[in-house]
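Single-letter residue listing:
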Number of protein chains: 2
Amino acid sequence: VTGPPVDRAHLVRVALGDEPADLVLRGGVVVSVATRELVPADVVISGERIAAVARPGEHAGPAAESIDLAGRFVAPGLIDPHVHIESSNLTLTELARAIVPRGVLSLCEDAHEIANVLGLPGIDLFVEEARALPLNLLLRVPGRVPALPAHLETSGHEMDLDATTALLDRPDAVCLGGDINPALLLGADPDQLAKIEATIARSKTVGGQLPGFTGALLDASIVTGIEDTHVAESVDEVLEQLRRGLRVLLTPRIDRLPAEDWPALAGALVAHGVDTRNLLLCSDDVHPNLLRREGHLDYRLRLAIESGFPPVQAIQMATLNPAEHLRVDRDLGLVGPGKLADLVVLDDLGDFAPAMVLHHGRVVAEAGRLTDEPPPFAYPSWSRDTVHLAAPVRPGDLAVRSEGERATVRVVAFGGPKTMHTTELGVVDGIVRPDPDADVASIAVIERHRRSGAIGKGFVSGLGIRGGAVASTVNHDSHNVFVVGDSHASMAIAANALAEAQGGYCVVVGDQVRAVVPLPIAGLLSDRPLAEVAEGLDQVERALLDELGCGVPYHPVYALNFLCLPNIPDVGVTDQGLIETASMELLSTVVDRC
Amino acid sequence: VTGPPVDRAHLVRVALGDEPADLVLRGGVVVSVATRELVPADVVISGERIAAVARPGEHAGPAAESIDLAGRFVAPGLIDPHVHIESSNLTLTELARAIVPRGVLSLCEDAHEIANVLGLPGIDLFVEEARALPLNLLLRVPGRVPALPAHLETSGHEMDLDATTALLDRPDAVCLGGDINPALLLGADPDQLAKIEATIARSKTVGGQLPGFTGALLDASIVTGIEDTHVAESVDEVLEQLRRGLRVLLTPRIDRLPAEDWPALAGALVAHGVDTRNLLLCSDDVHPNLLRREGHLDYRLRLAIESGFPPVQAIQMATLNPAEHLRVDRDLGLVGPGKLADLVVLDDLGDFAPAMVLHHGRVVAEAGRLTDEPPPFAYPSWSRDTVHLAAPVRPGDLAVRSEGERATVRVVAFGGPKTMHTTELGVVDGIVRPDPDADVASIAVIERHRRSGAIGKGFVSGLGIRGGAVASTVNHDSHNVFVVGDSHASMAIAANALAEAQGGYCVVVGDQVRAVVPLPIAGLLSDRPLAEVAEGLDQVERALLDELGCGVPYHPVYALNFLCLPNIPDVGVTDQGLIETASMELLSTVVDRC
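All values derive from a computational prediction rather than experimental measurement.

What counts and what doesn't
Residues numbered from 1 in each chain as written. Chains lettered and ligands numbered in written order. Predicted model: local features only at pLDDT ≥ 70, side-chain atom pairs only at ≥ 80, totals over all residues. Heavy atoms only, no water. Helix = DSSP H or I, 4+ residues; strand = E, 2+ residues; numbered from the N terminus. Buried < 20%, exposed > 50% of the residue type's maximum accessible area, 1.4 Å probe, protein only. Phe/Tyr/Trp six-rings, centres within 6.5 Å; stacked < 30°, edge-to-face > 60°. Contact = heavy atoms within 4.5 Å. Buried area = accessible area lost by both parts, 1.4 Å probe. Salt bridge = Lys/Arg side-chain N within 4 Å of Asp/Glu carboxyl O. Polar contact = N/O pair within 3.5 Å; in protein donor to acceptor, adjacent residues only side chain to side chain. Pairing = 2+ DSSP bridges. Axes fitted to C-alpha atoms, helices over the stretch in contact; angles between N-to-C directions. Parallel < 35°, antiparallel > 145°, perpendicular 65-115°, else oblique. Left-handed = near helix turned anticlockwise from the far one by under 90°. Nonpolar A, V, L, I, M, F, W, Y, C, P; charged D, E, K, R; others polar. Disulfide = S-S within 2.5 Å. Least-squares fit on C-alpha atoms with pLDDT ≥ 70 in both.

Asks: Sorry, what's going on with unusual backbone geometry here?
Replies: Peptide bonds are, in most cases, trans, and in most cases residues other than glycine have a negative phi. In this model, Pro569(A) is joined to Asp570(A) through a cis peptide bond whose omega is -5 degrees. Mapped onto the secondary structure, Asp570(A) falls in the loop between helix H17 (556-563) and strand E28 (571-574). In this structure, the amide linkage connecting His476(B) to the following residue, Asp477(B), adopts the cis form with an omega of -10 degrees. When you line up the elements, Asp477(B) lands in the loop between strand E24 (468-472) and strand E25 (481-485). Its identity is not glycine, yet Asp439(A) carries a phi of approximately 55 degrees, on the positive side. Assignment of secondary structure puts Asp439(A) in the loop between strand E21 (431-432) and strand E22 (440-446). A positive phi angle is found at Asp429(B), which is not glycine, with a value near 55 degrees. Residue placement: Asp429(B) occurs in the loop between strand E20 (419-428) and strand E21 (431-432). You can call Asp429(B) exposed: its relative accessible area is 69%.

Have a look at this one:
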């Protein structure tokens, strides 16, 4: 799947000791993920690959170089089976600087975010950037770009069945992405089923996403051919999914199986000897300040171990299990002969802080840092010019209008899952007013790809925002500008500041822009270092919490990224308005009285 | 891989209860091989597939038919990942009669035996026959037909790289067979590496065979791309293979990891919590009288359970593990939504005696018998006319000739592995005489495909044969006629009797034919019922043991099938003479004194 063609004849001769190895890691203890053992062995490397895993001292052949591991552990490089690079708000180069030293060497990237903005050329930016980086970029081909039909949401680009199939044909595309509205599966959407058949015909993996599905909903989704899900909410749900043969991808989420629930999960599985071959760790969305604070897939691995999974079993969940799931186990996931020499050298399995990382047989990181500075990658100008409003936003553009003195409106209630309820709001000068006292804020989604001027308007509760507005171009899945606030004036200022910055995050207090993080690449990525981006986001978050009084306890800025997403139950907001997830229909914000 | 295209939209509606199921198995306990649990559930079937695995009583939709399982177990149909139908000496129809009621529903057949005799048309006979049978015939594409270059052995047919690749393109071909001389791997044979690359390019599985390989030999073989082996000799060897990521296929063999060693294997793996996902059961060569006496893959499953593997873990080794190895886990190996409804209903997991068997959603066997008589399948005349000797064999044709009164000769010593030693024998009238007192018999391999008249001649020890001869056309891999005896006259009678019968087994005592089992289809298969073939072979075996005094304790007739095989160390015999496995070179029987 990655790297040059394999010279198997040469590997045979190196294994036999008839030709010299390039590198031998001597005196280590291999984390044998195939058997769940720790096995002292020398790892013999030739070019990109492992030629032999020999008993200590037994490899007879010469070697150009040798490293004494002095009893350290050698584990396979970590494989992230479901990740969105875009959620890091970093370039892939900057992300690699952060994760490769942590041992994360393979990313299976569902690039539906950048694809919604830039289409296939956006995906290929990552592919091109990855070529010079010490990691393997595997693609989850976006399952649905745009996520919704054009009359429900405006996106920057489309990938139809032909484009999807063409991408599936590429060797780096190992999986069909499943981050789609699951109603498409339950409705047996012909276009989606055709994409699934195309994936199966190519012997590739079919991804899925089944939020809160149990029983018949779970069965009905699985028979479409999907093979994984990554949004389980409870231990019972994980078990029910595993029993049906699904691969379950775990990442801690505040609203779904949070870190605090992992010990219960580990307890339920480990104590009962449940087979965990289909349990995988993934990072999905790792935002920059969490990346800096906690780590990436390595954090999830530590969490699994702390939660009670035995270390080698947990390492399987980030190496062999994802390799098998993605059908790349011929090349990755195991310290074994013939596999790519993607290796992590560790003093301790539990803290998983690599002393050394090898990619394709070369040492690429030591003690938490890349050994070589990656070459600069220049994002082209077309990728930096994507926030196109029809005109500067005026406060009145964001208003929901109604007759009379009061109106009954539909309100999106923040939470997981989001729900919808109705409430009465006052009408002044024909404009339905948000009610911060009742924790009802205004929300708007402003089309930013095609200068159409479309703005979806509504109300949201549960955020506690007062005295300003927050806005971002990071807004799944089409990444139009969302803005939430208790004043249309503040909201307009925030939206216009983002247009000026070509995307990013922005908090406005009153009429003052208090914090901006520019994300000029596709309105999703910064070109700055992790520390700077993370600090900027911390500022945004502090402004949101301290100055706007936002009541979302855990990383409100990220919660807001998903607030509008119509694919996750029960409801979302697009530039076209309020969308009900299950029916995929537009709802009016003002409830018609009839 | 098997069955009609999947109507996923219909399955969705059945799962949701919106359209009627064809059959619901209610009140059973599903053997959940994905999690290693026993889970009460109703299995909802639509057409060939499982639409839902519902909590008891929860499936809401109507059903055309329903069966109350009253607490019985429902397991996936067994999958045999490495089998040679030919070793049963039965037609596939007769084999299906025996194994389908035992729950064996998928065979991954390496048809190199019939291919060596009849080529691809021979393989397609099985494929055609399987169409009307309640089992899934998956192909291991023979890795090397003929096994040896033409100057070392004469076969009936060839499959070159193009023919192999064309067969790999077929959907029923899931694996490249690995029953080849492992020296081809260690020598990085370009033709063999090309076949492996062709298999990998098609996302299919690469089989292997690594007799007694450890250390560097094991590594050097694996880097060629092979993914399994099935000839481990010891518990340590199994562990060493598993640690390197190989799939290890287990079958008890008298000379390699016999049934008596399985408890030690189970102990070593289960007690230490070794992951067994890469451990599989297979039948490989199940001969008719053993089939009748012990069973097939079901016997190996019982043996695994008796040896100490927990029942569900053992069932994984015959269901999910082989499905994953053969990359057919999208369709097979699990009682889960979307999978083919190949199911086994059991009162008891340990004795694995299916009360009922379903194939593709239909009940096909109950209480040990097929519910419907399979339609007759007529093997064409060209498949029944394959034993073509140049002329009737005369005793002198089988003689090794030498000058003088004594000669030093190379002798194949029976055993696992076979070894080679030298001894002195008397020469009378220019003919080197076998020496039954020293347990040195004559052996000859008579070309039977092309009337070439080629006869390879040599000596063998360790069989204890005296007073006659034994012959067979079952003689891996080219299936020329082998004959062993202490008298060239008896040997000639045996060989000519087999030519008359168009193949089979024959024992001659003195000048009397004492027992014959005709195998007229390709010289490998009988067209008679299992009971009759098994009884015939018992007679051959009794004659061999009681009248010829053969000292091979365990099924000598089958041991003899492999006696000449040059692919298994250290030595073999072909119609061209004595072949050394490692060097793949011809050796003279009479040692040149110089």
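That was the structure; now back to the text.
Asks: Quick question: what am I supposed to make of the packing of aromatic side chains here?
Replies: In this description, a pair of aromatic rings is defined by centroid distance and the angle of the planes. All names here are of chain A. The final tally for this structure, using the stated rule, is two aromatic pairs over all chains. Ring centres of Phe377 and Tyr379 lie 5.1 Å apart, and the angle between their planes is 85 degrees; on these two criteria the pair is classed as edge-to-face. Relative accessible area serves as the criterion here: at 23%, Phe377 is assigned to the partly exposed category.

Asks: Help me out: how do you make sense of the interface of chain A and chain B in this one?
Replies: How big an interface is tends to be stated in terms of the accessible area lost upon association of its parts. Across the boundary between the two partners, chain A contributes 62 residues, which contact 62 residues of chain B. Both faces considered, chain A and chain B share a buried interface measuring about 4900 Å² in area, 51% of it formed by carbon and sulfur atoms. For Arg277(A), the salt bridge goes to Glu324(B), with nearest N and O atoms at 3.1 Å. Here chain A and chain B share 24 residue pairs in polar contact (both at pLDDT 80 or more) between them. Elements supplying a minimum of two residues to the side of chain A that touches chain B: helix H1 (8-15), strand E2 (37-46), strand E3 (49-54), helix H6 (183-186), helix H7 (190-201), helix H8 (215-222), helix H9 (235-243) and helix H14 (320-325) of chain A.

Asks: How should I be thinking about the pairing of strand E14 (residues 343-346) of chain B in this particular structure?
Replies: Within a regular strand, the side chains alternate between the two sheet faces. Residue and element names in this part refer to chain B. Every second residue of E14 is oriented toward a common face, with Leu343 and Val345 on one face and Val344 and Leu346 on the other, all of them buried. In this structure, strand E5 (residues 73-76) lies alongside E14, joined through four bridges in antiparallel fashion. Within the sheet, the bridge partner assigned to Ala75 lies in E14 and is Val344. Sheet analysis places E14 next to strand E15 (residues 356-359), joined by three bridges and oriented antiparallel. Across the sheet, Leu343 pairs through a bridge with Leu358, a residue of E15.

Asks: Would you explain the packing of helix H10 (residues 262-270) of chain A against helix H12 (residues 297-307) of chain A in this entry?
Replies: How two helices sit against one another is set out by the angle between their axes and by the gap between those axes. All names here are of chain A. Remark: H10 packs on H12, axes separated minimally by 8 Å, with the N-to-C direction vectors making an angle of 60 degrees. When the axes of H10 and H12 are compared, the pair comes out oblique. Here H10 runs over H12; the crossing is right-handed. On H12, the residues that touch Trp262, Pro263 and Ala266 of H10 are Arg300, Leu303, Ala304 and Ser307. Among the residues making up the contact of H10 with H12, the classes are represented as five nonpolar, one polar and one charged.

Asks: Just checking my understanding: could you explain the state of the cysteines for this structure?
Replies: Each disulfide consists of one covalent bond between the sulfur atoms belonging to two cysteines. If you walk through the whole model with that rule in mind, you get zero disulfides over all chains. The thiol of Cys506(A) is unpaired, and the distance to the nearest cysteine sulfur, on Cys550(A), comes to 15 Å. Cys108(B) provides the cysteine sulfur closest to Cys175(B), a residue in no disulfide bond, and the two sulfurs are 5.2 Å apart.

Asks: Help me understand the relation of the copies chain A and chain B, please; the structure alone is not making it clear to me.
Replies: Each of the two chain copies can be generated from the other by rotation about an axis followed by a shift along it. Between chain A and chain B, the superposition needs a rotation of 180 degrees and an axial shift of 0.0 Å, giving an RMSD of 0.0 Å. Each copy turns onto its partner about a two-fold axis. Scanning chain A for the C-alpha nearest the rotation axis identifies Ser203(A), at a separation of 3.3 Å. Here 100% of the contact residues of chain A are again contact residues in chain B; the copies associate through an equivalent surface.

Asks: Explain the side chain of Arg330(B) here, please?
Replies: Along the chain, Arg330(B) turns up in the loop between helix H14 (320-325) and E14. Here Glu227(A) takes part through its side chain, which lies 3.1 Å from a polar atom of the side chain of Arg330(B). Discounting residues that sit within four places of it in the chain, Arg330(B) has contacts with Ile200(A), Ser203(A), Lys204(A), Val206(A), Glu227(A), Arg327(A), Arg49(B), Gly338(B) and Lys339(B).

Asks: Which parts of the structure should I look at to understand the sheet that holds strand E12 (residues 247-250) of chain A?
Replies: Residue and element names in this part refer to chain A. The strand order across the open sheet formed by three strands is E11-E12-E13, and the pairing between neighbours is parallel. In this open sheet, the two strands that pair with only one neighbour each are strand E11 (228-229) and strand E13 (279-281). As defined by bridge partners, E11 adjoins E12 across two bridges and the pair is classed as parallel. Opposite Asp228, over in E12, you have Arg247 as the bridge partner.

Asks: Could you clarify how one ought to interpret the pattern of salt bridges in this entry?
Replies: A pair can form between side chains of opposite charge whenever their charged atoms are brought close. Going through the model one piece at a time under the given rule, you end up with 70 salt bridges over all chains. For Arg36(B), the salt bridge identified is with Asp275(A), shortest N-O distance 3.8 Å. In this pair, Arg36(B) sits in the loop between strand E1 (23-32) and strand E2 (37-46) while Asp275(A) sits in the loop between H10 and E13, so the two residues belong to two different chains. Owing to a relative accessible area of 5%, Asp275(A) belongs among the buried residues under this scheme. Two residues, Arg302(A) and Asp298(A), come together in a salt bridge whose shortest N-O distance is 3.1 Å. Taken as a pair, Arg302(A) and Asp298(A) lie in helix H12 at a separation of four residues, close to a single helical turn. The buried category is assigned to Arg302(A), whose relative accessible area is 16%.

Asks: Quick question: what am I supposed to make of the environment of Gln576(A) here?
Replies: Residues and elements named next belong to chain A. Its place among the elements puts Gln576 in the loop between E28 and strand E29 (577-580). When the C-alpha atoms of Gln576 and Ala444 are compared, they prove to be 9.8 Å apart, with 132 residues separating the residues in sequence. With near-sequence residues (within four places) excluded, Gln576 lies in contact with His151, Leu152, Glu153, Thr154, Ala454, Gly456 and Leu586. There is a polar contact of 2.9 Å between the side chain of Gln576 and the side chain of Asp575.

Keep in mind these numbers describe shape, not what the thing actually does.
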